[in-house]
Amino acid sequence: MATDPIRVLLIEDDPDDVLLLKETLAEAKARTEIAHADRLSGSLIMLAERDYDVVLLDLNLPDSGGLETLAAIVQGFPMVPVVVLSGLGDDFTTLEAVRRGAQDYLVKGEISAPILERVLRHAIERKQIEDALRTSEVRYRHLVEKVQDIVYAGEVGQDLVYGPLTFVSPQAEAIMGHTPEEFLRNANLWFASIHPEDVARVSEETTRAFADGRPRRRLYRVRHKPSGAYRWLEDDFVPQVAEGGRVVGYYGLARDVTERVQADEALQQA
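What counts as what
- Residues numbered from 1 in each chain as written.
- Predicted model: local features only at pLDDT ≥ 70, side-chain atom pairs only at ≥ 80, totals over all residues.
- Heavy atoms only, no water.
- Salt bridge = Lys/Arg side-chain N within 4 Å of Asp/Glu carboxyl O.
- Helix = DSSP H or I, 4+ residues; strand = E, 2+ residues; numbered from the N terminus.
- Buried < 20%, exposed > 50% of the residue type's maximum accessible area, 1.4 Å probe, protein only.
- Contact = heavy atoms within 4.5 Å.

Student: Honestly, the pattern of salt bridges in this entry has me stumped. Any pointers?
Tutor: If charged atoms from side chains of opposite charge come close, those side chains can pair. What the rule picks out here adds up to 24 salt bridges. Its salt-bridge partner being Arg7, residue Asp53 comes within 2.8 Å of it at the nearest N-O pair. Of the two residues, Asp53 sits in the loop between helix 2 (40–49) and strand 3 (54–58) while Arg7 sits in strand 1 (residues 6–11), which places them 46 residues apart along the sequence. In this structure, Asp58 and Lys108 form a salt bridge, with 2.8 Å as the shortest nitrogen-oxygen distance. Highlighted residues: Asp58 in strand 3 and Lys108 in the loop between strand 5 (104–107) and helix 5 (113–146), separated in sequence by 50 residues. A single network of salt bridges, built from pairs that share partners, joins Asp149, Arg217, Glu234, Asp236, Arg255 and Arg260.

Student: Would you mind showing me how to read the environment of Ala229 here?
Tutor: Note on placement: Ala229 falls in the loop between strand 8 (216–223) and strand 9 (230–241). Judged by relative accessible area, which is 39%, Ala229 ranks as partly exposed. Residues Ala229 and Met176, spaced 53 residues apart in sequence, show a C-alpha to C-alpha distance of 9.7 Å. Setting aside anything within four residues of it in sequence, one finds Ala229 in contact with Val222, Arg223 and His224.

Such coordinate-based values are descriptive only and should not be taken to indicate function.
Structure follows, in structure tokens:
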């Protein structure tokens, strides 16, 4: 059975770039249906009139520039994933765009058909997962707040590295001393809290989980911010696998098992 084409809205004012991207999409294995706008104003009308699976967005347009262009799309049509088109040497803007709601970015001049197809599919899948998690967060928030474990979810970075957290339950503050908002603002805070002697092992276990898509139960120490003491976490880490085996995110439950570990150590020393 033939799959539906990926409906792409390309927002780009440079005719050469438009032609190149259309030719690249035509070379991809996946079928695509491309619509084009060369102004932000026109693209907003098109988004309002029909549904698109993904937006390819040049931030600098004749009627809008920089991150304000992205904000107009993300705020007006939050359900549509956006992939930013970046120029060479524009790392700060593109990374800031991802932080502000873009799913990914592509560097002009370095785009091939396989890369473009993979990024578009990844953006669509990750957006769907984010929306599902957001719905689940609202639906089950009261339940999650009663669970003693830390409930968390996050994204996978490029090259299957540990990406930023997108949800952390309130129990994180009781166990680790950092608020959920601190974890969401600082992508490195969770790993930075791990005991230095445990970092390499946890990183290796995470890499293996992303590679094979299988859950891992990880045991490691984390620093409790107010006291400076370390507590043991038993962390059930689950890669989120989309159709085709692609890992597009992760979620898990982490519980404080310090008393259990200390009791086991005491028995061993007795």
